[in-house]
Amino acid sequence: MKLFSLSLLALTISLTSCATYPDVHKMDDGNNYISFLVARKGDGNRDGMKQAESFCTKVNRNHAVIVTETFNYVGSVGEEEYSDVKAEAELKKPNRLSPKLPKKEKDINKPGSAVMVGGEGDKEIESAKGYEYTLVFRCS
């Protein structure tokens, strides 16, 4: 029974230690990489570096050093359309500046009046993660 308890404890510790950097993969050249999907180009560095630092600290007792970072568009619509829909969705969020809609029908043609029209696929794009972020790093 004692041996079973020790085995279970060892398994639990090993599973818990891997959970802090789930996206880290070792490469043949001694570097490591992290790859996951992000909503916008430029996102991901903070989460990637957290995992890289955690990995290097726990495995090698060192710090992570960035070798390369890349963003590849993997969405199903054109990248420009994807970016436009994401930008519009960002403006629609609460506590953001949003255009005032005209109060009267005669005000529709005034400068500054805005009407937003969205397609059916826009909701899917708003919640999509269209970029694959890849961080190659080494521990040193």
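What counts, and where the lines are drawn
Residues numbered from 1 in each chain as written. Predicted model: local features only at pLDDT ≥ 70, side-chain atom pairs only at ≥ 80, totals over all residues. Heavy atoms only, no water. Helix = DSSP H or I, 4+ residues; strand = E, 2+ residues; numbered from the N terminus. Contact = heavy atoms within 4.5 Å. Areas by Shrake-Rupley, 256 points an atom, 1.4 Å probe, with all protein chains shown as cover. 1 Å grid on protein atoms, 1.4 Å probe; cavity = no way out; pocket = protein on both sides within 12 Å on 5 of 7 lines; lining within 4 Å. Points joined across faces, edges and corners; volume = space filled by probe spheres on them. Expected span 1.5 Å × (residues − 1). Buried < 20%, exposed > 50% of the residue type's maximum accessible area, 1.4 Å probe, protein only. Disulfide = S-S within 2.5 Å. Pairing = 2+ DSSP bridges. Axes fitted to C-alpha atoms, helices over the stretch in contact; angles between N-to-C directions. Core = buried A, V, L, I, M, F, W, Y, C linked by side-chain atoms within 4.5 Å. pLDDT = per-residue confidence, 0-100.

Asks: Would you mind showing me how to read the overall build of the chain here?
Replies: Counting its secondary structure elements, the chain contains 4 helices and 4 strands. The secondary structure elements of the chain, listed N-terminal to C-terminal, are α-β-β-α-β-α-α-β. At a minimum sequence separation of 6, the contacts of the chain that also span at least 24 residues come to 75%. Carbon and sulfur atoms form 55% of the exposed surface of the chain, whose accessible area is close to 10,400 Å².

Asks: How should the layout of surface pockets be read in this particular structure?
Replies: Think of a ball as big as a water molecule: rolled over the atoms, this probe shows where empty space is left. The volume enclosed by the largest pocket comes to roughly 160 Å³. What lines the largest pocket is a set of 12 residues, among which S76, V77, E124, I125 and A128 lie closest to the centre.

Asks: Just to check I follow, could you spell out helix α2 (residues 45-59) for this structure?
Replies: Within an α-helix, residues lying three or four positions from one another point in the same direction, as the helix has 3.6 residues per turn. If you check α2, its first and last C-alpha atoms are 20 Å apart, about what 15 residues at 1.5 Å a residue would give, namely 21 Å. Among all positions of α2, only G48, M49, Q51, A52, S54, F55 and C56 are buried. Here the buried face of α2 lies against β1 (24-26), β2 (32-38), β3 (64-73) and β4 (131-139). Of the residues one or two after α2, R61 is the one with positive phi, at around 60°.

Asks: Explain the state of the cysteines to me, please; I cannot follow it from the model alone.
Replies: In protein chemistry, a disulfide is the covalent bond that joins the sulfur atoms of two cysteines. A complete count under the given rule lists 1 disulfide for this structure. Across the disulfide from C56 sits C139; the S-S distance is 2.0 Å. One quick way to see it: the torsion about the S-S bond of C56 and C139 is about -80°, and its sign makes the bridge left-handed. Here C56, found in helix α2, pairs with C139, found in strand β4; they are 83 residues apart in sequence, far enough to count as distant. Owing to a relative accessible area of 0%, C56 belongs among the buried residues under this scheme.

Asks: So what exactly am I meant to see when it comes to the sheet that holds β3 here?
Replies: Think of a sheet as strands paired side by side through backbone hydrogen bonds, with each pair either parallel or antiparallel. Here 4 strands make up an open sheet; going across it, the order is β1-β2-β4-β3 and the pairing antiparallel. In this open sheet, the two edge strands, each paired with only one partner strand, are β1 and β3. The mean angle between the axes of side-by-side strands here comes to 25°, regardless of whether they run parallel or antiparallel. Relative to β2, β1 is paired through 3 bridges, and the arrangement is antiparallel. Bridged to H25 within β2 is Y33. Against the sheet, helix α3 (residues 79-92) touches β2, β3 and β4, its axis set at about 90° to β4.

Asks: Is there a simple way to explain the nonpolar core in this structure?
Replies: Most often, soluble globular proteins keep nonpolar side chains buried together rather than apart. Core analysis: the biggest nonpolar cluster contains 18 residues, and I34, F55, L135 and F137 have the highest contact counts within it. Every element with two or more residues in this core is listed here: β2, α2, α3 and β4. Sort the elements by how many residues they give to this core and β4 lands first, with 5 residues.

Asks: Just to check I follow, could you spell out the confidence of the model for the chain for this structure?
Replies: When pLDDT drops low, the exact placement of atoms in the prediction is not to be read closely. Averaged over every residue, the pLDDT of the chain is 75; residues scoring 70 or more account for 65%. This model gives residues 8-18 a pLDDT under 50, and the stretch forms 0 contacts once residues within four places in sequence are excluded.

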